[in-house]
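Next come the chains, spelled out residue by residue.
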Amino acid sequence: MFAAERRQLILEMVRANGAVSLRELARVVQTSEVTVRRDVRALEAEGLLDRRHGGAVLPGGFTRESGFPQKSHLATAEKTAIADVAAGLVEEGEAIVVGAGTTTQELARRLARVPGLTVVTNSLLVAQALAHANRVEVVMTGGTLRGSNYALVGSGAEQSLQGLRVSRAFLSGSGLTAERGLSTSNMLSASVDRALVQAAAEVVVLADHTKLGTDTMFQTVPTDLITRLVTDEPPVHDDRAGTELQALADQGVQITVAGSGPGASGAESAPPPGRPGRRDVPLPGQRGRHPGGPQLRSASLAGEGQPQERAARVADLRRR
């Protein structure tokens, strides 16, 4: 494929989806991420798109929200790895809330195997994934159906969550920054997500690396209310994603990076047999609002040196 053809296809994908990762672009145009990164730079110089952390978005600052059909085909491998790890955080007999999104839908498919679980959700897709799980009780909010993401929103959804208390909330969104926390492009969705957060003792955000550093219109969860972020490994050359992860860790967010193989392990101990590989990035210290949690030490994911040092750091982590 000639460069002009590649760039036209890249532009069409970004226009159709709003945001696309470099990995996905490289897969579709059947070339390396290095070549795609060069194409994206050229298109950005022409003002046709904007580069973001590990991907490309529509020009003009805040990204628009993609529809479910587009989202479901973006970063599918990353979402699967994140869902595998997040499911390992849920214990038998727990009561949780799960928000709307393609990543939370992947999580729900794995929760069907957790006995005695109660899941409160405003997502038809999450409910559908758990519909035939005879050991899981599903409680749906009321509200008005938002067809673009199959979620119940509005005052009915928010009122049905009043007085509810569960152990954890699992949420996704359109963007995540250390400055503003989790955000989304739709006001109604943001309002319901805030109600879900109020019902939970802890908040777990599920976001692949393409959402790191992306800021959208409506804040859903400020950074100081996020207990844990489950994400995937950013590309070695994605300096901004690494920097954003470190900034989140510096503010007390526990970072768990989904591993891609059986050799991956957590910061404190190796995962039990059969549990997905994951790595807990050590943090500056225990969060005050959740006493009894593990005491963690500070460490830099992003690195303070040059990209070569950062690459060596990632390589070292993968060897563990």
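In case you missed it, the structure is sitting above this.
Draft legend 1. Fine view of the overall build of the protein. Scanning the protein for helices and strands turns up eleven helices and 16 strands. In the protein, which comprises 320 residues, the share counted as buried stands at 52%. Taken as a whole, the protein presents about 14,300 Å² of accessible surface, with 50% of it coming from carbon and sulfur.

Draft legend 2. Summary view of the pattern of salt bridges. Per the counting criterion, the structure on display carries twelve salt bridges. For D232, the salt bridge is made with R23, and the minimal N-O distance between the two is 3.2 Å. Within this pair, whereas D232 is found in the loop between β14 (228-231) and α10 (239-250), its partner R23 is found in helix α2 (residues 22-29), the two being separated by 209 residues in sequence. Judged by relative accessible area, D232 falls into the buried class, the value being 4%.

Draft legend 3. Representation of a nonpolar patch on the surface. Taken together, the side chains of L124, M140, L145 and Y150 make up a nonpolar region of the molecular surface, amounting to roughly 330 Å² of accessible area. Relative to the assigned elements, L145 resides in strand β7 (residues 144-146).

Draft legend 4. Region of the structure containing the environment of A133. Secondary-structure assignment places A133 in the loop between α7 (124-130) and β6 (136-140). When the C-alpha positions of A133 and P115 are compared, they lie 8.9 Å apart, and in sequence the two are 18 residues distant.

Draft legend 5. Quick look at α2. Looking only at α2, the buried set comprises L22, E24, L25, A26 and V29. One or two residues past the end of α2 sits Q30, with phi positive at roughly 60°.

Draft legend 6. Inspection of the packing of α2 against helix α3 (residues 33-45) at higher detail. For the pair α2 and α3, interaxial distance at closest approach is 9 Å and the crossing angle is 105°. It follows from the interaxial angle that α2 and α3 lie roughly perpendicular. Of the residues in α3, those touching α2 at L22, R23, L25, A26 and V29 are E33, V36, R37 and V40. Tallied by class, the residues present in the contact of α2 with α3 amount to six nonpolar, no polar and three charged.

Draft legend 7. The arrangement of the sheet that holds strand β13 (residues 218-221) in detail. Sheet architecture is open: three strands sit in the order β10-β11-β13, paired in antiparallel fashion. The open sheet terminates on both sides in strands that have one partner only, identified here as β10 (175-177) and β13. Direction aside, the axes of adjacent strands within the sheet are offset by 40° on average. Along the sheet face, helix α9 (residues 187-198) touches β11 (181-184) and β13 and points at about 20° away from the line of β13.

Draft legend 8. Examining the environment of T76 more closely. Within the secondary structure, T76 sits in helix α5 (residues 76-87). Distance in space between the C-alpha atoms of T76 and E24 is 9.0 Å, their sequence separation being 52 residues.

Draft legend 9. Molecular detail of unusual backbone geometry. Even without being glycine, Q30 reaches a positive phi, approximately 60°. Here Q30 lies in the loop between α2 and α3. Here Q30 falls in the exposed class, since its relative accessible area comes to 74%. Here Y150, not a glycine, exhibits a phi torsion of approximately 55°, which is positive. In this structure, Y150 sits in the loop between β7 and β8 (151-153). Here Y150 falls in the partly exposed class, since its relative accessible area comes to 35%.

Draft legend 10. Representation of the nonpolar core in the model. Among the nonpolar cores identified, the biggest contains 30 residues, and L176, V205, L229, L248 and I255 are the most heavily contacted of them. Ignoring sequence-local partners within four residues, the contact set of L176 consists of G181, L182, V205, A207, K211, L212, G213, T214, I226, L229, E244 and L248. Counting residues in each nonpolar core, the second largest holds 25 residues, with V90, L111, L206 and V230 among its members.

Draft legend 11. Just the sheet that holds strand β2 (residues 50-52), in detail. The sheet built from three strands is open, its strands ordered β1-β3-β2 with antiparallel pairing. A strand with exactly one partner marks an edge of an open sheet, and here the two such strands are β1 (19-21) and β2. Ignoring which end each strand starts from, the neighbouring axes of this sheet average 25° apart. Pairing of β1 with strand β3 (residues 55-57) involves three bridges; the strand directions are antiparallel. Its bridge partner lying in β3, V20 is registered against A56. This element, α2, spans β1 and β3 of the sheet and lies at about 75° to β1.

Draft legend 12. Structural detail: the pairing of strand β5 (residues 117-121). For β5, the tally of buried residues reaches four of five residues, placing the bulk of the element in the interior. Bridging between strand β4 (residues 95-98) and β5 involves four bridges; their strand directions are parallel. By the bridge assignment for β5, V97 is matched with V120. Running through helix α6 (residues 102-111), the crossover from β4 to the neighbouring parallel element β5 is right-handed.

Quick notes on the rules
- Residues numbered from 1 in each chain as written.
- Predicted model: local features only at pLDDT ≥ 70, side-chain atom pairs only at ≥ 80, totals over all residues.
- Heavy atoms only, no water.
- Helix = DSSP H or I, 4+ residues; strand = E, 2+ residues; numbered from the N terminus.
- Buried < 20%, exposed > 50% of the residue type's maximum accessible area, 1.4 Å probe, protein only.
- Areas by Shrake-Rupley, 256 points an atom, 1.4 Å probe, with all protein chains shown as cover.
- Salt bridge = Lys/Arg side-chain N within 4 Å of Asp/Glu carboxyl O.
- Patch = residues over 30% accessible without salt bridge, like charges linked within 9 Å, V, L, I, M, F, W, Y side chains within 5 Å.
- Axes fitted to C-alpha atoms, helices over the stretch in contact; angles between N-to-C directions.
- Parallel < 35°, antiparallel > 145°, perpendicular 65-115°, else oblique.
- Contact = heavy atoms within 4.5 Å.
- Nonpolar A, V, L, I, M, F, W, Y, C, P; charged D, E, K, R; others polar.
- Pairing = 2+ DSSP bridges.
- Core = buried A, V, L, I, M, F, W, Y, C linked by side-chain atoms within 4.5 Å.
- Right-handed = clockwise from strand over helix to strand, strands pointing away.

Shape is all these values report; function is a separate question.
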